[in-house]
Amino acid sequence: MPTWSQPGAPRRCPIGLGLRAAHVEAILASPTPVVDGFEILAENYDGDGGRPRDALAQLGARYPLVPHAVSTYVGAADGVDRAQLRRLRRLADAVDAPWVTDHLCWGAAGGRTSHDLLPLPCTPAVVRLCADAIRAVQDALGRPFAIENVSSYLAWRESTMPEWEFVAAVADAADCGILLDVNNVYVAAVNHGFDPRTYLAQVPAARVVQLHLAGHTVEDGYLLDTHDQPVADPVWALYAEALARLGPIPTIIEWDGDVPPLEVALAEVARARAIADRVLAAEARDVA
Amino acid sequence: MSPDDLRARQRELLDALTRPLTGASRARAGLPPGDDEPATCVARAAAWLAPSATLDPAARLEIYRRQYWLRLLGALADDFPALRWLLGPAVFAALAERYLLAHPPARADALVELGAALPAFLAATLPAAIHAHELARLEAAWLRAFTAGDGAPVPAAALGQAPLALAPHVNLLACRTAPDRLWLRARAGGPRTRRAIVGATPRVYLAVFRADLARDVVRLHPAAYTILASLAVDGSLPAALARAAPHMPARGGAALVRSWFGAWTARGWLVYRQASAVPSISRSDASAGAIVAAIASQSDHGSSQKPLAR
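## As for the overall build of chain B
Right, so step 1: Along chain B, the regular secondary structure elements total 14 helices and six strands.
Right, so step 2: Split into buried and exposed, the 310 residues of chain B put 40% on the buried side.
Right, so step 3: Within chain B, residue pairs in contact and separated by at least 24 positions form 70% of the contacts whose partners lie at least 6 positions apart.

Here it is, written out as structure tokens:
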């Protein structure tokens with residue numbers, strides 16, 4: 001089974017893509033691996049058959065695959081959906097996932113769903129609620145689970161701590177990993193008016209298992225996390241800082257809207273590779 | 001904030017987010033003008049939120065409300081492109097909004113299932129637009145066929161030895177219009193003429209299925225449709241053949257039935273029925289060959305039905 005890191009290989013940051021249906025044919029046609037691994041949007045691949053499952057079977061033989069879910073809703077006061085967890089477990093088992101990720105958010109209530117990733121009030125009581133849910137999720141999945149910080153456009157008046165403290169507190173209380181989305185840090189920083197470097201500096205490094213990069217759109221008075229364009233320059237700069245602090249954390253580039261040809265997405269991977277190699281080489285020189 | 005308080009706020013906030021868009025947001029979503037008065041629950045939810053340096057709480061909430069509608073309207077447009085072509089973008093958007101208000105997405109359903117009830121909604125709200133809701137049924141069947149399972153295919157030699165079912169990816173449609181032809185016209189982007197929409201056809205029977213990972217649709221003989229629909233209901237081959245008998249052609253029925261079963265088994269359409277759903281089957285029913293021969297014999301000599309157009 002392919003893995004993110006090769007034993008004995010030199011210190012290297014694994015960099016992959018969020019798998020998109022439009023790219024599958026070109027990826028499978030390539031005689032050599034195009035990236036170090038893929039993240040699969042879990043809800044798009046939890047059906048019983050057809051092209052999505054066939055793609056996973058073929059890609060899973062050549063690449064490590066990590067399921068990334070969007071509907072676990074560990075912050076939903078109504079609790080997690082056990083049927084959704086069963087589907088997620090089945091998918092994770094099918095691709096032998098090393099870990100599974102979803103967002104630290106809510107999005108469903110009263111039996112209905114928004115299909116969105118809605119921010120939570122950052123309070124100690126909500127930390128406990130999320131931690132309880134995440135422990136149940138990890139038990140159900142039978143493997144590590146990591147929570148992703150979300151992009152957000154609203155903030156609750158009742159929040160009593162900054163988001164980075166909230167994320168860290170939940171991860172500690174649940175004993176889970178963190179998927180640090182560098183673009184989301186930047187979007188939230190602009191929308192809420194904080195310094196993204198403070199966020200990066202406060203994230204508990206030992207818990208970060210994966211990084212995300214994506215593009216966003218500049219709207220009137222806020223940034224919108226659209227995943228439909230290249231990663232912005234300020235986000236690349238933050239990514240370099242994140243690698244310098246966290247080390248060679250597996251990185252996934254997401255591109256969900258107006259999906260470009262594979263070579264355009266691979267150009268983003270190449271840019272991430274260049275940054276990671278430069279940062280890690282400088283770190284190695286410092287150590288020497 | 002206690003868990004009960006959080007639960008109550010999440011329900012109210014979700015209620016606010018899913019209220020119809022107002023003002024400029026409606027135009028941005030391609031929706032016709034509506035009531036511009038924001039709902040009370042929207043103002044109430046905004047009171048729980050903090051402003052940013054550039055946006056007040058209501059404007060921040062509006063971002064999510066707009067994204068909710070853009071996401072769901074976009075998903076329905078992606079899933080029902082031919083219906084959108086038939087109705088036109090504006091009418092489709094207005095229909096989709098009404099549908100989503102009547103059928104808000106349930107937590108248990110994936111986004112791909114968002115339009116599952118759209119054909120029935122269309123039939124109930126616009127009963128005269130048969131061509132539209134039959135086209136919607138076809139597109140909903142496309143969606144099901146894309147990711148449904150294969151089941152365990154029954155080889156031709158094993159027919160009659162166990163109760164049968166249709167492979168999960170096979171969807172049967174009995175139509176009064178010709179949605180398959182309309183779908184092809186939509187894909188080609190042709191004009192929406194009355195002749196293109198209505199046509200003059202006898203009843204059309206369709207199978208929407210997956211072959212080599214691609215979706216496909218074929219027309220079925222009425223008797224073939226009856227056999228498959230009957231197998232889907234109870235899995236009994238004798239019952240299926242008996243129900244199809246009135247629809248069989250006066251001559252050549254045996255060869256026709258053999259060719260159908262040959263094609264269906266080659267395509268993997270016939271699968272073993274799950275044990276929990278297995279109806280009882282007597283030993284005397286076990287020989288499919290004998291049954292096929294019997295029904296063919298009956299058709300060849302006894303049926304007064306004329307062959308129907310394929």
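## Observations regarding the environment of Val35(A)
Residues and elements named next belong to chain A.
Right, so step 1: Secondary-structure assignment places Val35 in the loop between α1 (21–29) and β2 (38–41).
Right, so step 2: Distance from Val35 to Leu266, taken between C-alpha atoms, is 8.0 Å for residues 231 residues apart in sequence.
Right, so step 3: When residues no more than four places from it in sequence are discounted, the contact partners of Val35 are Ile15, Gly16, Leu17 and Val269.

## Concerning the environment of Leu118(B)
Right, so step 1: By the secondary structure assignment, Leu118(B) is in helix α7 (residues 118–125).
Right, so step 2: Along the backbone, Leu118(B) and Pro222(B) are 104 residues apart, and their C-alpha atoms lie at a distance of 26 Å.

## Focus on the pairing of strand β5 (residues 214–219) of chain B
All names here are of chain B.
Right, so step 1: In the sheet, strand β4 (residues 204–211) pairs with β5 via six bridges, with the strands oriented antiparallel. When the bridges of β5 are listed, Ala211 appears paired with Ala214.
Right, so step 2: In this antiparallel pair of consecutive strands, β4 and β5, the connection spans two residues, and Asp212 shows a positive phi of 50°.

## Structural notes on the interface of chain A and chain B
Quite often, the size of an interface is put as the accessible area lost when its parts meet.
Right, so step 1: Facing the 40 residues of chain A at the interface are 40 residues of chain B.
Right, so step 2: Only α2 (50–60), β5 (106–109), β6 (112–118), α4 (124–141), β8 (155–156) and α6 (182–192) of chain A provide two or more residues apiece to the side of chain A that touches chain B.
Right, so step 3: A per-element tally of the side of chain A that touches chain B places β6(A) first, with six residues.
Right, so step 4: Tallied by class, residues from the side of chain A that touches chain B come to 17 nonpolar, 13 polar and 10 charged.
Right, so step 5: With two bridges joining them, β8(A) and strand β1 (residues 49–50) of chain B adopt antiparallel strand pairing. When the sheet's bridge partners are listed, Trp156(A) is paired in β1(B) with Leu49(B).

## Some points on the confidence of the model for chain B
The predicted coordinates of low-pLDDT regions are not to be read in fine detail.
Residues and elements named next belong to chain B.
Right, so step 1: With 85% of its residues at a pLDDT of at least 70, chain B reaches an overall mean of 85.
Right, so step 2: Between the elements of chain B, mean pLDDT differs from a low of 41, seen in helix α14 (residues 288–302), to a high of 97, seen in strand β3 (residues 171–175).
Right, so step 3: A low-confidence stretch, residues 276–310 (pLDDT under 50), is modelled with 54 contacts involving residues beyond four sequence positions or located in other chains.
Right, so step 4: Our summary of model confidence lists the complex with pTM equal to 0.89 and ipTM equal to 0.94.

## A closer look at the sheet that holds β5(B)
Residue and element names in this part refer to chain B.
Right, so step 1: Ordered by their spatial adjacency, three strands build an open sheet running β3-β4-β5, and the pairing between neighbours is antiparallel. The open sheet has two free edges, formed respectively by β3 and β5, since each of these has just one partner strand. Averaged over all pairs of adjacent strands, the angle between their axes in this sheet comes to 20°, without regard to strand direction.
Right, so step 2: Relative to β4, β3 runs antiparallel, the two being bridged by five bridges. If you follow Asn171 over to β4, its bridge partner there is Val208.

## Observations concerning the packing of α6(A) against helix α8 (residues 233–246) of chain A
Residues and elements named next belong to chain A.
Right, so step 1: In the contact formed by α6 and α8, the axes pass within 9 Å of each other and the chain directions differ by 120°. The orientation of α6 with respect to α8, classified from their angle, is oblique. As α6 packs across α8, the resulting crossing turns out to be right-handed. Residues Val182, Asn183, Val185 and Tyr186 of α6 touch α8, and the partners they reach there are Pro234, Val235, Leu238, Tyr239 and Ala242.
Right, so step 2: Of the residues that constitute the contact of α6 with α8, the class distribution is eight nonpolar, one polar and no charged.

## Describing the packing of α7(B) against helix α8 (residues 130–147) of chain B
Residue and element names in this part refer to chain B.
Right, so step 1: Viewed as axis vectors pointing N to C, α7 and α8 meet at an angle of 175°, and their least axial separation amounts to 8 Å. On the basis of the axis angle, α7 is roughly antiparallel to α8. Residue-level inspection shows Leu118, Pro119, Leu122 and Ala123 of α7 in contact with α8, the latter providing Ala132, His133, Ala136, Arg137 and Ala140.
Right, so step 2: Here the residues of the contact of α7 with α8 are counted per class, giving seven nonpolar, one polar and one charged.

Quick notes on the rules
Residues numbered from 1 in each chain as written. Chains lettered and ligands numbered in written order. Predicted model: local features only at pLDDT ≥ 70, side-chain atom pairs only at ≥ 80, totals over all residues. Helix = DSSP H or I, 4+ residues; strand = E, 2+ residues; numbered from the N terminus. Buried ≥ 20, exposed ≤ 12 C-beta atoms within 10 Å, placed from the backbone. Contact = placed C-beta atoms within 7 Å. Pairing = 2+ DSSP bridges. Nonpolar A, V, L, I, M, F, W, Y, C, P; charged D, E, K, R; others polar. pLDDT = per-residue confidence, 0-100. Axes fitted to C-alpha atoms, helices over the stretch in contact; angles between N-to-C directions. Parallel < 35°, antiparallel > 145°, perpendicular 65-115°, else oblique. Left-handed = near helix turned anticlockwise from the far one by under 90°.

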